Amino acid sequence: MTSRSHNIVTVLLPGLLVAGLLGACERPPVRPNLPPSASDLTLLKAGQLCDRKEAFFKKVAATAVHEEPWGTGQELRIPASRSESKGDESFFFDQDGTLVGALFSFRSGIDLDPYPVLRYTLSQLNPSLEFYVSVAKLARKESMETSALFETGDEKSTTQYLVLSPRERPTLLEASFSIDPYTRLFSPYRKEFLNRLRDPGALAAAPRFDSQGAEDKEPFASLQQFARGQAAQLAYCGSKDYDIAVDAYQKAIASGFSNKVWLAEAHHKLGLAWEAKGDFLKARTAIEQALALRPNVPEMLNNLGTVYAKLGEKDRARTAFEKAVTLRPNYALARFNLAEAYEPINRKRAISEYETYLALAEGIPDESDRITLVKRRVESLRK
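Residues numbered from 1 in each chain as written. Predicted model: local features only at pLDDT ≥ 70, side-chain atom pairs only at ≥ 80, totals over all residues. Heavy atoms only, no water.

1. Regarding the overall build of the protein chain
Reasoning step 1: Along the protein chain, the regular secondary structure elements total 13 helices and 10 strands.
Reasoning step 2: Considering only contacts within the protein chain whose residues lie at least 6 apart along the sequence, 56% involve residues at least 24 apart. (Helix = DSSP H or I, 4+ residues; strand = E, 2+ residues; numbered from the N terminus. Contact = heavy atoms within 4.5 Å.)

As structure tokens, then:
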């Protein structure tokens with residue numbers, strides 16, 4: 001028999017611009033129908049996402065960079081007076097020294113008229129957010145101006161643009177780049193990033209906007225470590241590193257989530273990291289803790305079933321798979337696992353579950369190898 005199949009899931013969580021990712025077999029999810037992302041405005045010159053800090057300093061003189069803490073990581077700032085983009089540039093490194101995000105702020109704005117490719121890209125995107133913004137150095141009009149936040153990207157990274165007057169005279173105020181697990185932490189609509197566009201006296205001059213921008217309800221340290229765990233577990237910057245993933249999820253849990261959805265998912269992901277390291281007892285404990293917080297999540301039940309099976313707890317595994325498909329009858333992966341669990345003890349039930357799996361998995365490219373395997377098994381079981 002094959003090893004049990006499991007899911008890694010990032011649920012849609014409350015808050016701004018949280019990526020909802022559904023993947024299988026511990027790999028970054030492939031975005032279907034990627035949005036247009038072409039641009040003729042190149043900003044990431046000093047460093048590319050996933051660069052190591054040492055590589056960054058080979059391109060940028062240390063004397064041109066101001067270093068300051070960013071949670072457990074570090075932010076390296078290049079002021080507009082010294083940057084190639086003529087904007088304030090910030091490069092964010094996690095505690096392991098990997099570049100996970102970058103922010104470019106232009107207080108005076110960049111007129112996008114000379115950049116037809118980027119303008120066309122933006123015209124093809126729907127704004128994820130529209131709001132009024134007041135920026136002191138943009139005195140084109142007496143009143144506030146509308147702005148829009150656009151989001152695009154590729155299979156592993158997200159780019160966000162904050163654009164003033166997007167339908168009339170588009171002017172770029174901020175752009176951010178991040179690997180996907182960190183997208184939430186690099187929205188230009190975050191309060192601390194919006195404030196970078198304003199002169200020191202701007203907030204006092206426009207008190208109506210002193211609270212403008214999103215703020216996290218969960219501790220920044222927990223969100224940052226959760227993202228670090230995701231990046232390591234799903235190999236966003238090279239190979240998987242389950243040691244880092246375990247460390248990151250444990251720190252995220254220790255920092256404290258007030259929302260039980262976040263906390264449950266941190267325990268769940270910690271369990272999957274322990275499983276990948278071969279420590280099935282710790283994996284079982286972590287996923288059971290996740291289910292104690294959220295008892296009816298099919299992915300967690302399916303993944304707990306795979307751990308039970310590896311521990312030889314066959315009855316508990318079968319029960320977990322049964323509950324997963326009861327909660328979600330069209331859950332193909334859990335159907336496959338349930339069929340495997342029944343194969344040694346109930347051939348007729350195994351055939352039925354395999355056939356249900358085949359009906360559900362038909363046309364899914366990632367399931368082609370498993371479909372072939374299941375067809376052979378059904379043929380064998382019928383003999």
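Let us keep going from here.
2. Concerning the sheet that holds strand E5 (residues 88-93)
Reasoning step 1: Taken together, eight strands build an open sheet; the order of strands is E3-E4-E5-E6-E10-E9-E8-E7 and the sheet is antiparallel. Lying at the two open borders of the sheet, with one neighbouring strand each, are strand E3 (66-70) and strand E7 (129-133). Taking each pair of neighbouring strands and ignoring which way they run, the sheet shows an average axis angle of 20 degrees.
Reasoning step 2: Pairing between strand E6 (residues 99-111) and strand E10 (residues 171-179): seven bridges, direction antiparallel. Note that in E10 the partner of aspartate 111 across the bridge is threonine 171. (Pairing = 2+ DSSP bridges. Axes fitted to C-alpha atoms, helices over the stretch in contact; angles between N-to-C directions.)

3. Some words on the confidence of the model for the protein chain
Reasoning step 1: Confidence in the prediction of the protein chain, expressed as mean pLDDT, is 88, and 85% of residues score 70 or more.
Reasoning step 2: Ignoring residues within four places in sequence, the model shows residues 8-25, a span with pLDDT below 50, making 53 contacts including any to other chains. (pLDDT = per-residue confidence, 0-100.)

4. Observations concerning the packing of aromatic side chains
Reasoning step 1: What the rule picks out here adds up to 17 aromatic pairs.
Reasoning step 2: Their ring planes at 80 degrees and their centres at 5.6 Å tell us that phenylalanine 56 and phenylalanine 57 sit as a pair that is edge-to-face.
Reasoning step 3: Residue phenylalanine 57 is classed as partly exposed on the basis of its relative accessible area of 26%.
Reasoning step 4: Seen from their ring centres, phenylalanine 92 and phenylalanine 186 are 5.0 Å apart, and the 65 degrees between their planes marks the pair as edge-to-face. With a gap of 94 residues between them, phenylalanine 92 in strand E5 and phenylalanine 186 in the loop between E10 and helix H3 (191-194) connect regions that are remote in the sequence. Each of the two residues, phenylalanine 92 as well as phenylalanine 186, counts as buried.
Reasoning step 5: Members of the aromatic cluster, joined through ring pairs, are Phe56, Phe57, Phe91, Phe93, Phe104 and Phe177.
Reasoning step 6: In this arrangement the basic side chain of arginine 318 is found over the ring face of tyrosine 342, its NZ or CZ atom lying 5.7 Å from the centre.
Reasoning step 7: A cation sits over an aromatic face here: arginine 370 above phenylalanine 336, 5.0 Å from the ring centre. (Phe/Tyr/Trp six-rings, centres within 6.5 Å; stacked < 30°, edge-to-face > 60°. Buried < 20%, exposed > 50% of the residue type's maximum accessible area, 1.4 Å probe, protein only. Lys NZ or Arg CZ within 6 Å of the ring centre and 35° of its normal.)

5. Thoughts on unusual backbone geometry
Reasoning step 1: In this model, cysteine 50 sits at a positive phi of 80 degrees, which is unusual for a non-glycine residue.
Reasoning step 2: Counting through the fold element by element, cysteine 50 comes out in the loop between strand E2 (21-24) and helix H1 (53-59).
Reasoning step 3: We classify cysteine 50 as partly exposed; its relative accessible area is 26%.
Reasoning step 4: Residue serine 165 is not a glycine yet carries a positive backbone phi of 45 degrees.
Reasoning step 5: Structurally, serine 165 can be placed in the loop between strand E9 (157-164) and E10.

6. A few points about the state of the cysteines
Reasoning step 1: Across all of its chains, the model carries one disulfide by this definition.
Reasoning step 2: Here cysteine 50 connects covalently by a disulfide to cysteine 237, the sulfurs 1.9 Å from one another. Its S-S torsion of approximately -70 degrees makes the covalent link between cysteine 50 and cysteine 237 left-handed. Of this pair, cysteine 50 sits in the loop between E2 and H1 while cysteine 237 sits in the loop between helix H5 (220-233) and helix H6 (242-255), and the two are 187 residues apart along the sequence. (Disulfide = S-S within 2.5 Å.)

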